[in-house]
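What follows is the residue order along each chain.
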Number of protein chains: 2
Amino acid sequence: MNYRAPTQDIRFVFRELAGLDDVLALPGFEEVNSELVDAVLEENGRFVEQAVAPLNRAGDTTPAAWDDGKVRTSPGFQEAFREFAAGGWQGLQHEPRWGGQGLPKLVAAATGENINSANLAFSLCPLLTDGVIEALAMVGSQAQQDLYIPPMLEGRWTGTMNLTEPQAGSDLALVQTRAVGQDDGSYRLSGQKIFITYGEHDLAENIVHLVLARTPQAPAGVKGISLFLVPKFLLNDDGTLGKRNDVWCASLEHKLGIHGSPTAVLLYGSGQGEAGPGAVGYLIGEENRGLEYMFIMMNAARFAVGIQGIALAERALQQAGAYAAERLQGRALEGSDGPVAIVHHPDVQRMLMTMRALTEGARALAYVAAGECDRARHAADPQARARHQAVYDFLVPVVKGFSTESAVEVASLGIQVHGGMGFIEETGAAQYYRDARILPIYEGTTAIQANDFVGRKTLRDAGAVAGALAEQVRATVAQLEARQAEAGEHGAGLALIARRLAAAVEAYEQAVAYIVAHAREDQRAVFLGSVPYLMLAGLTLAGWQMARAALACVARLQDGDAEPFHARKLATAVFYAAHLLPRAQALSASILEGGVAARYARAAENAE
Amino acid sequence: MNYRAPTQDIRFVFRELAGLDDVLALPGFEEVNSELVDAVLEENGRFVEQAVAPLNRAGDTTPAAWDDGKVRTSPGFQEAFREFAAGGWQGLQHEPRWGGQGLPKLVAAATGENINSANLAFSLCPLLTDGVIEALAMVGSQAQQDLYIPPMLEGRWTGTMNLTEPQAGSDLALVQTRAVGQDDGSYRLSGQKIFITYGEHDLAENIVHLVLARTPQAPAGVKGISLFLVPKFLLNDDGTLGKRNDVWCASLEHKLGIHGSPTAVLLYGSGQGEAGPGAVGYLIGEENRGLEYMFIMMNAARFAVGIQGIALAERALQQAGAYAAERLQGRALEGSDGPVAIVHHPDVQRMLMTMRALTEGARALAYVAAGECDRARHAADPQARARHQAVYDFLVPVVKGFSTESAVEVASLGIQVHGGMGFIEETGAAQYYRDARILPIYEGTTAIQANDFVGRKTLRDAGAVAGALAEQVRATVAQLEARQAEAGEHGAGLALIARRLAAAVEAYEQAVAYIVAHAREDQRAVFLGSVPYLMLAGLTLAGWQMARAALACVARLQDGDAEPFHARKLATAVFYAAHLLPRAQALSASILEGGVAARYARAAENAE
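Keep in mind it's a predicted model, so treat the numbers as computed, not measured. (Residues numbered from 1 in each chain as written. Chains lettered and ligands numbered in written order. Predicted model: local features only at pLDDT ≥ 70, side-chain atom pairs only at ≥ 80, totals over all residues. Heavy atoms only, no water.)

Trainee: Would you explain the interface of chain B and chain A in this entry?
Mentor: Where the parts come together, the accessible area they lose is often given as the size of the interface. Listed by partner, the interface residues are 89 residues for chain B and 89 residues for chain A. For the pair chain B and chain A, the number of links is eight salt bridges. The closest approach of N and O atoms between Glu593(B) and Arg500(A), which form a salt bridge, is 2.9 Å. Where chain B meets chain A, there are 44 residue pairs in polar contact (both at pLDDT 80 or more). Grouping the constituent residues of the side of chain B that touches chain A by class yields 45 nonpolar, 20 polar and 24 charged. (Contact = heavy atoms within 4.5 Å. Salt bridge = Lys/Arg side-chain N within 4 Å of Asp/Glu carboxyl O. Polar contact = N/O pair within 3.5 Å; in protein donor to acceptor, adjacent residues only side chain to side chain. Nonpolar A, V, L, I, M, F, W, Y, C, P; charged D, E, K, R; others polar.)

Trainee: Even after reading the chapter, I still don't get the relation of the copies chain B and chain A, so can you show me in this structure?
Mentor: Here the second copy of the chain follows from the first by a rotation about an axis and a shift along it. Screw-axis analysis of chain B against chain A gives a translation of 0.0 Å along the axis, an RMSD of 0.0 Å, and a rotation angle of 180 degrees. Within this description, the copies of the chain are treated as partners about a two-fold rotation axis. The share of interface residues of chain B whose copies in chain A are also at the interface is 100%, consistent with both copies meeting through the same surface. (Least-squares fit on C-alpha atoms with pLDDT ≥ 70 in both.)

Trainee: It is not clear to me how the UniProt feature "domain: Acyl-CoA dehydrogenase/oxidase N-terminal" (unreviewed entry) in chain A should be interpreted in this structure. Could you clarify?
Mentor: As annotated in UniProt, the feature "domain: Acyl-CoA dehydrogenase/oxidase N-terminal" (unreviewed entry) corresponds to residues 45-155 of chain A in the numbering used here. Secondary structure across residues 45-155 of chain A comprises 63% helix and 5% strand; the distance between its end C-alpha atoms is 19 Å. (UniProt positions renumbered as here; feature names shortened; annotations may be inferred. Helix = DSSP H or I, 4+ residues; strand = E, 2+ residues; numbered from the N terminus.)

Trainee: What am I meant to see in unusual backbone geometry here?
Mentor: Positive phi outside glycine occurs at Tyr198(A), with the angle close to 50 degrees. The topology assignment puts Tyr198(A) in the loop between β5 (187-197) and β6 (206-213). Phi is positive for Phe195(B), which is not a glycine, with a value near 60 degrees. Summarising the element assignment, Phe195(B) is placed in strand β5 (residues 187-197). The partly exposed category is assigned to Phe195(B), whose relative accessible area is 22%. (Buried < 20%, exposed > 50% of the residue type's maximum accessible area, 1.4 Å probe, protein only.)

Trainee: Is there a simple way to explain the packing of aromatic side chains in this structure?
Mentor: To describe a pair of aromatic rings, one takes the distance between the centres and the angle between the planes. The full count for this structure, using the stated rule, is 23 aromatic pairs over all chains. Measuring from ring centre to ring centre gives 5.8 Å for Phe14(B) and Tyr367(B), while their planes differ by 50 degrees; the resulting arrangement is tilted. Taken together, the residues span a long stretch of sequence, with Phe14(B) in helix α1 (residues 7-17) and Tyr367(B) in helix α10 (residues 346-378) at a distance of 353 residues. Residue Phe14(B) is classed as buried on the basis of its relative accessible area, which comes to 0%. Aromatic ring contacts, followed pair by pair, group Phe77(A), Phe81(A), Phe84(A) and Phe122(A) into a single cluster. Here the guanidinium or amino end of Arg244(B) rests over the ring plane of Phe233(B), the centre of that ring lying 5.6 Å away. Taking the ring centre of Phe295(B) as reference, the NZ or CZ of Arg456(B) above it sits at 5.4 Å. (Phe/Tyr/Trp six-rings, centres within 6.5 Å; stacked < 30°, edge-to-face > 60°. Lys NZ or Arg CZ within 6 Å of the ring centre and 35° of its normal.)

Structure below.
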C-alpha cells in the first residue's frame, strides 16, 4: 500500500486548532511564514512518500544484521538516510547558529509524524539524534555543542541514549556502569548497556552516545548518576575522526517489531579500543546531575514517541482503509445486487472510524502541545512562557501515553479490518501491529508516564493545570451549546458532542479531585488508577480538540466553502463523541473505585 | 516459563458456577461421577504440561514447513500427537458407540482449554477434527459415521474444514469450488481453498476434508452450496487406505502467529490423483444444504475458539505473573530498602488483575455455556432441552467474540508487564500477542459473531433470551445486596460488585431494548453497535459469573474453610467490578448514540 502524507489534516490542525499564525508571530520566527510552512510540508510529504515509505517492508523482512561487531542496516536505509541528511531534515527544529533551520516544534511534529508513518524503524535514528542534540543544546558546554551538534544536524553523525542495563530498566537507581576520571579531565567508562536503539549501524560516520554512569565516589541511587558523551570515534584536535573508542556492539536483539531498527547491546570498556582500555567519555554538565539532564532528552523523546504513535496509527489506518475500499464481500445492509466493498459494512465502518478518530484526536492534541512548547520557548512575556511550559509539561506524558496506547488499538483494528488476510505477513497490516507494541514501552512505559502525570504534573500543583484545562474544555462545551440552535442540520451533531464532552470533562474533573484528595492517605488506590487517569485525560483532551474541529467544520459547511474533508472530519468528530468519549465514565469509575479494589488486592497478596 | 493447568479454578467453576453435579445427574452420564472428572482433569493437566506445553516455543520458531506438497510439522509435534491419540483425548466428549468416552462438554471445555494453553498451534488439529466429528455425527450417513469417525477418535486420522476461497471469506455466497456428480454416486471436486488449518501435515495417516462446493445446477448464493467429504486417501472396501486422492497442498501461509499450525492452500482436482483427475468426494446429507450443515461444525468450532481465547489468556497471564514476581525494579510504594518485585507496583497489579479478571470471567461464562449445552442435549424434558439450547445458542457468539477479543487485550497487557523484555522474542510474551490476534478472526470474525448475535440471537425472539438472562443477573444483584449486611469485612466488596453489576445489567438491557426497537427503522445504527453490544453482553454476563463467584468465596471465607485461592478469587471479582464492569456504560452509550453517528458517517461517505 502506498503511504500518503495526511497534509490536509495537518494543515487543518495547524490553522484551526494549534494556532499556527500565533506561533509564527512569536519572536524568533521572523523568517518563517505560512507559505514556507506549506512548502516544507509539501516537500516533506514528497520525500517520505518516495524515499522512505517504500523501504518499510524491507526493513521488516530484512532486519538490521550484526556481523562481528558491525551492523548492516536494512536494504535502502543508507541511501534514504543520505537523502534525509541532504534534505536538511535533521536540522528542521534546531537553531540556525549550528546549521539548523529554526522552525517551530509544531512544524517538526508534523514532519516527524510523516517520516515515522513512512518507516518507524528508519525514523528512530533521527529521533534519538534529535534528543541528543536537544540535551547538548541545553546542558552541553559551548565546546561540546560546537564540536558535536553541527555534524549531527548535517546527518554525518547520529546520536543515542544509553540508559538501560540488564538490572536497570525503569529503575535507573540501579545503573552500574562506571566512569573513572582521568588526569586530562576526561573519563573512562566501563559497563554494559542494553536496548540501545541504533547503538551501532552503517548510516553515519560517527555515533555520539550519551551514557548514564556512576563516578567512583558518587552517592547511591539516582543522585549519583552522571551523564557522559562517548563518541564511537574520538575526535582529533581539528574535529576530524580519530581513534576508535572502546565501545562495541556485542549483539542485536531479536524483536517482535521495528526489525529495521538495530537494538544493540553495547559494551563499554571491554578493552579493545585504539585509545586503550575503557571508553573515553566526557562529562556533560556537572557530576551527579545526569538524571536531571537525561530528563531533558527524555522529554523531547517522549513527545517524539507520542508522535510515533500517531504516525503508526495513520499508516495502519491508510492500509486498512485502502483494503476495505477494494475488498468485495457480502451484500450491502440496505441491499445490493452483488458483493460490495467491505467499507460499506457497518462494523468495518465502526472500526475504520475508531481508527480515524483515535488517530486524528491524538494528532490534534499532540500538535496543540507542540504549539504550547513553541510558546513556552518563544513568548516575549516570561509569565506567558511559564504558563505555556506548565501546560506543555502536563501534556507530554499524556501525548506519549495516550497516543501510543491508541496506536496499539488502532493497529489491532487494522488487522481486524483485513479479516484473515490481516494475519498473513505479506499483507503488511501485521507489521504495524508488531511495530506498534514497542511504543507504550520505550522512553518510559505508560505506567512511568502515568506516575509522572500523577506525581509531578497533577499533585505538585494540586491539580491547577489540570483544572485550568478542564475550564477550557467547558468553554468549548458552552460554544457547542451556543452554536447548535443555529447549526441547522448539524445541530444534532454538535448537541451530541456537547453532551458527551460535558460528561467526559466531568469524569476527568472527578478523577483529578479524587487523586488530589487521596494521594496522601490512600496512595495505592491513587496509583492503581494512574494509567486510567492518564488515558482519561488523553481521551478527554483529544476529544476536546475534535470538538473544536467540529465547530470549525460546521462553520465551513455553513459558509458553503467546505470540501469533502470537512464533512468527513465532522463525521469523525461526531463518531469520537459517540463511540470514544463514553469511555471517560468507565475510566473515571475505575479510578474512583480504586480504594476498595486496592484493599482486596492487598488482602489476596497477604493470603498467599 | 512452565505452564501449569489452572485446575483449582476449573474445579471451582465446575462446582460453584456451572453446576457440575446437576450435569452429571443428566441421563447419559450415568457412568461419569465427580471423582472421574477430577481424575480426568488431573491426568489432562499432567499430559499437557509435560508433553504439549514444552513444544510451544519450538512451534513458533520452527514453523510447519512445506516441501513439494508435503508438510513437516514442528519439532516434537508428531510424538505429542501420538501421546494425545494414545491418551484417548480426541474422544473425550464423543459418543461411546464410536469409541468416545461420552464425557460432558463441560469437561471437554476444560481439557480443551488446557491443551490450547499449552500449545495453541498444536491444538488446532484436534479442534478442527472435533468439528468434523460433530458434523458427521449430526448429518453424516450411518456408513460415513462408521467409516470415518472411529479413526478420527483414535487419532489415526484428522479432519479439516474447507470454507474459504480467495474471493470468498466471510461471504460464503461467493464459493466457486465445483462438485460434479458421478455415476457411482460420488462427486469429483475442483477448485481452490485457502486458510485450511492442518490442511496437510505429517501427524496422521489420513485427513478427512469437509468441503463446501457447488454442484452444476445449484442455485446461486448460499442456497446452492453443498457439503462434501473428501479424504486425502480414498478408502478400500475393507476400510484400509487406498489411492491418493486429487487434493494437494500448494503452499503454506506465512503468518503473524500460530506458526506451528500449517495453514494450507489446497488444490482440489488439479489432476494428479491416483484415482484420476478431480478430487473424489462424497455428499454429506442433502445437496444445497451445505451451509446449514457447516454451521453445525461452525458452532462447535466457534465455541472451541472462544475456549482458545481463554486458554491463550491464561498462558499469557501465567507468563506475566511469573515474570512480575521475579523481576526486581523500583522501590515499594510504601517504601522499601531496595528494589522490590514489580508485582508489588500498583500499575503492574492493575495489569495482572485485569488479565486475571478477563481470563477468569471469560472462563466462567464459557463453562456455564458448556453446561447449558450438556443440558440441551441430555435433559429428560424436551422443553427444558429447548430452553437450554436457546441459552447456549445465545451464548456461543458471546463466548467466541468476548473471549477472543479479551485474549488480545490480555496478551497485549502481558507484554506491557514485561516492559522492554516483552518486546524481545526470546522472552515468549510476544508469541502470545502474535498468536492471540487470529482468534477474533477465524471461525467468523467478531463482526460476524455480532451479526449472528443481533440477528438470530436477539431480534428473532425479540430479546426474550437476552431479557431472561438479565433477570437472572438482577437476581444475583439482589443476592449480593441481601448478603452484604452480614458479610462483615466483605460487605464493602459485595456492595461494590452489586452496584457495578446493577449498572452493567441496566446498560445491557438498554442496549437490548434499543436494538429490538430500532432494528427495522434504523438498521445501520443498530449494526454500527453490534460489536459493542456483543462485548457488552460478554462483559456483563462474565461479570455476573464473577459476582456469583464472589458470593461463593465470601461464604467459604466466613465459614472459615477458605484457601488463599478464595481470597484471590474474591479480589479478582471485586477488581472485575471496579475496573471492568464500568466499561458497560461506555459500550451502551456508543450503541445508543448510534443513530446520529451513522447518519454523519453516511454523509461523509456521500461527500467523497
